[in-house]
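What follows is the residue order along each chain.
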Amino acid sequence: KAGVTQTPRYLIKTRGQQVTLSCSPISGHRSVSWYQQTPGQGLQFLFEYFSETQRNKGNFPGRFSGRQFSNSRSEMNVSTLELGDSALYLCASHNTGSYEQYFGPGTRLTVT
Amino acid sequence: AQSVTQLGSHVSVSEGALVLLRCNYSSSVPPYLFWYVQYPNQGLQLLLKYTSAATLVKGINGFEAEFKKSETSFHLTKPSAHMSDAAEYFCAVSGETSYDKVIFGPGTSLSVIP
């Protein structure tokens, strides 16, 4: 099976812009989680989607949003970018009833 | 609520020496426990998992971890460190139900000194 894919891998944006990141889970996995990883804050949970519904949400402002499509692919959007949003954004998928998560390579977002 | 602590944000070992990375958890239900490894500029990769079968779990790359319920610990070990083991290691615990998110620890950065 193909692994979790994330696009793009690298992104440079300017403060105030918005960005959309994409994640394609492993075939058959219906759950997708998003994480933000920074040197100072470590791995922080953003949200989880299951069958097109947000099932869990972390403590991030409303500028961070996501969605999941019927084919389980997921996107996350960050509006009004701030310098502090520079991070590695990781997506992970897992199978129904399994806790084991499979991570994509991440999208490195740099906000200037 | 579930939580994970990892003692030591940075650990350095000499090549060939024992690797010991500590993880303690709290859980209101019998947990599933995981260790993930992250190499620079990559995503996390599952090293091993405990799912209530054997308490000593063997993973990839020669790593193993032992579940000790009495100590609420799940420490990761490797008898002999290799340069390629230098990476970030994350311990994680399952949520109370399969619908709850997995809780990750803060991570431990392992350096291997030649």
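Just above, that's the structure.
Because the structure is a prediction, the values reported are computed rather than measured.

A. Structural detail: the sheet that holds strand 1 (residues 5-7) of chain A. Residues and elements named next belong to chain A. Spatially, the four strands line up as an open sheet ordered 1-3-8-7, and their pairing is antiparallel. Every interior strand has two partners, whereas the edge strands, strand 1 and strand 7 (64-68), have only one. Across the sheet, the mean angle from the axis of one strand to that of its neighbour is 20 degrees, orientation sign disregarded. Note: strand 1 against strand 3 (residues 19-24), three bridges, orientation antiparallel. When the sheet's bridge partners are listed, Thr-7 is paired in strand 3 with Ser-22.

B. Layout of the pattern of salt bridges. What the rule picks out here adds up to eight salt bridges over all chains. Close ionic contact of Arg-67 of chain A with Glu-75 of chain A constitutes a salt bridge, the shortest N to O distance being 3.2 Å. Given the relative accessible area of 46%, Arg-67 of chain A is considered partly exposed. Between Lys-49 of chain B and Glu-100 of chain A there is a salt bridge, and its shortest N-O distance comes to 2.3 Å. In this pair, Lys-49 of chain B is assigned in strand 6 (residues 44-50) and Glu-100 of chain A in the loop between strand 9 (87-94) and strand 10 (102-103), connecting two distinct chains. The exposure class of Lys-49 of chain B is partly exposed, given its relative accessible area of 38%. The class for Glu-100 of chain A is buried, based on a relative accessible area of 10%. Among the charged side chains, a network of salt bridges with common partners joins Arg-63, Glu-82 and Asp-85 of chain A.

The rules behind these values
Residues numbered from 1 in each chain as written. Chains lettered and ligands numbered in written order. Predicted model: local features only at pLDDT ≥ 70, side-chain atom pairs only at ≥ 80, totals over all residues. Heavy atoms only, no water. Pairing = 2+ DSSP bridges. Helix = DSSP H or I, 4+ residues; strand = E, 2+ residues; numbered from the N terminus. Axes fitted to C-alpha atoms, helices over the stretch in contact; angles between N-to-C directions. Salt bridge = Lys/Arg side-chain N within 4 Å of Asp/Glu carboxyl O. Buried < 20%, exposed > 50% of the residue type's maximum accessible area, 1.4 Å probe, protein only.

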